[in-house]
Amino acid sequence: MPELPEVEVTKRALEKRLLSKKIIKVLIKNDNLRYKVNSRLKNLKGFFIQKIVRRSKFLLLFFNRDFVLLVHLGMTGKFLIKKNNKSLFSRHYHSDTLHSKHNHIEFLFSNKISLIYNDVRRFGFFILENSKNIYNSKFLKNLGPEPFSNKLTVNIVKNKMKKSSRNIKSCLMDQKFIAGIGNIYASEILFKSKIHPTTIAKSISSVKIKKLIKSIKEVLYIAIKDGGSTIRDFMFNEDNKGNFQNKFNVYDRYGLECHICKNKIQKLVINLRSTYFCPKCQRKTN
DNA sequence: CGGGACTCCTGAGGGC
DNA sequence: TGCCCTCAGGAGTCCC
């Protein structure tokens, strides 16, 4: 599920409901996530959320007294919200999801809202840290520039690529390179940039890199506006589901017609991840 | 060291 | 139905 747009949508929904709300209780039903959940999490009782930040695919929940909860949703992690034992979001996840065996952690808030962490594959994790120097923690310190920051420039991207013999798709997926892009959006961004996914990154011209950066911002911006992408799971937001999956140009469209040129969308595996592209719109140049 | 292959985990879907 | 295989939005670790 969660790449930058989905994490950003989650962040905004949490902000809307939980900012400045006090935690009454923390229930750890299953501590067996990617990293074992520290029982110190229960010490957040009585604390309130001051600020929520997204960095790459991480959520940072800042509490009073210098506590910060670092959350990563992994592959299938999501938050559910219920009020007075009822889901705030209609029928879609009523009985099934609110009582799922994949609900691992529950935070009860003073406004009678519960925040439930659900994660089928348990690749997500929660780390409680001191907020001082949090950006120097091992999870955050090596991340590349945020797609919407002005640190993402042609020069910085070209410099990073210069040393590498990798293909551009692998570079986009590398969080040290640019933060927040995952498997869906890497394919969509390369389509919009008209770059073939196996193109050797350092061979790409400055003009094309400029176009690539523009495409990164555009694709991610529209995806956030659409509430992210919902494929086989529903996504957490006010309307239950994201809509960007309806705007995919290439992802999960193997054998279907390209919206631009009508050629058939191709699929290939790069670093064990499915990669989709249009062979005509994204002609290989090296 | 860079980077590709493998790994964690559960469930869905297809072929037989 | 059931069994087996492959694949799924992420990323740390291992090994060449």
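Source: prediction; values computed, not measured. (Residues numbered from 1 in each chain as written. Chains lettered and ligands numbered in written order. Predicted model: local features only at pLDDT ≥ 70, side-chain atom pairs only at ≥ 80, totals over all residues. Heavy atoms only, no water.)

**Q** So what exactly am I meant to see when it comes to the layout of surface pockets here?
**A** If a probe the size of a water molecule is rolled over the atoms, the empty space left behind becomes visible. Approximately 1,100 Å³ is the volume attributed to the largest pocket. If you trace the largest pocket, you find 38 residues lining it, with P2, K57, G74, M75 and R273 closest to the centre. Ranked by residues supplied to the lining of the largest pocket, first place goes to helix α4 (residues 168-173) with 3 residues. (1 Å grid on protein atoms, 1.4 Å probe; cavity = no way out; pocket = protein on both sides within 12 Å on 5 of 7 lines; lining within 4 Å. Points joined across faces, edges and corners; volume = space filled by probe spheres on them. Helix = DSSP H or I, 4+ residues; strand = E, 2+ residues; numbered from the N terminus.)

**Q** Can you help me understand the sheet that holds strand β9 (residues 125-130) in this one?
**A** In sheet architecture, strand pairing relies on hydrogen bonds along the backbone and comes in two forms, parallel and antiparallel. The strand order β2-β3-β4-β9 describes an open sheet built from 4 strands, whose pairing is antiparallel. Among the strands making up the open sheet, the edge pair consists of β2 (49-55) and β9. Between one strand axis and the next, the sheet turns by 20° as a mean value, whatever way the strands run. Two elements, strand β3 (residues 58-63) and strand β4 (residues 67-72), share 5 bridges in a ladder whose sense is antiparallel. (Pairing = 2+ DSSP bridges. Axes fitted to C-alpha atoms, helices over the stretch in contact; angles between N-to-C directions.)

**Q** What's the story with the environment of Y254 in this structure? I'm lost.
**A** Within the secondary structure layout, Y254 lies in the loop between α6 (206-225) and β10 (266-270). Residues Y254 and Q266 lie 12 residues apart in sequence; the distance between their C-alpha atoms is 5.4 Å. Dropping the residues within four chain positions of it, Y254 is found in contact with I265, Q266, K267 and Y276. (Contact = heavy atoms within 4.5 Å.)

**Q** Which parts of the structure should I look at to understand the protein's contact with DNA strand B?
**A** Neighbouring DNA strand B are K101, H102, V120, R121, R122, F123, S164, S165, R166, N271 and L272. Within 4 Å of the protein, atoms of DNA strand B come from sugar and phosphate in 64% of cases. At a separation of 2.6 Å, a sugar or linking oxygen of DNA strand B approaches a polar side-chain atom of R122. (Near = heavy atom within 4 Å. Polar contact = N/O pair within 3.5 Å; in protein donor to acceptor, adjacent residues only side chain to side chain.)

**Q** I tried to follow the environment of F67 on my own but got confused; where do I start?
**A** Along the chain, F67 falls in strand β4. Along the sequence, F67 and K132 sit 65 residues apart, while their C-alpha atoms lie 8.6 Å from each other. Apart from the residues within four sequence positions on either side, F67 is in contact with R40, L44, F47, L61, F62, L128, E129 and S131.

**Q** Help me understand the nonpolar core, please; the structure alone is not making it clear to me.
**A** Nonpolar side chains tend to gather and get buried jointly when the protein is soluble and globular. The biggest cluster of nonpolar side chains holds 38 residues, and the ones touching the most others in it are I168, L172, I181, Y185 and L212. Elements represented by at least two residues in this core include exactly α1 (4-18), α3 (154-162), α4, α5 (183-193) and α6. No other element matches the 8 residues that α6 contributes to this core. The residues touching L172, leaving out its near neighbours within four places in the chain, are I178, I181, A186, I189, L190, L212 and I216. (Core = buried A, V, L, I, M, F, W, Y, C linked by side-chain atoms within 4.5 Å. Buried < 20%, exposed > 50% of the residue type's maximum accessible area, 1.4 Å probe, protein only.)

**Q** Would you mind going over the pattern of salt bridges with me for this structure?
**A** Pairs may arise between side chains of opposite charge once their charged atoms sit close together. For the structure on display, the rule yields 14 salt bridges. A salt bridge links E106 to K82; the shortest N-O distance between them is 3.5 Å. With E106 in strand β7 (residues 103-109) and K82 in strand β5 (residues 77-83), this pair connects stretches of sequence that are 24 residues apart. The two residues E106 and K82 agree in class, both being buried. Residues joined by salt bridges that share partners form a network here, namely E8, R12, R54, R55 and E146. (Salt bridge = Lys/Arg side-chain N within 4 Å of Asp/Glu carboxyl O.)

**Q** Is there a simple way to think about the pairing of β7 in this case?
**A** Side-chain direction in a regular strand flips from residue to residue, so the side chains alternate between the two faces of the sheet. Counting buried residues along β7, 6 of its 7 residues qualify, which places the element largely inside the surrounding structure. As judged from the 5 bridges shared by strand β1 (residues 23-28) and β7, these two strands associate in the antiparallel manner. Looking across to β7, one finds that K25 is bridged to L108. Examined bridge by bridge, β7 and strand β8 (residues 113-119) share 5 bridges and lie antiparallel to one another. Looking across to β8, one finds that F107 is bridged to L115. Linking β7 back to β8 in an antiparallel pair, the connection comprises 3 residues, with K112 at a positive phi of about 70°.

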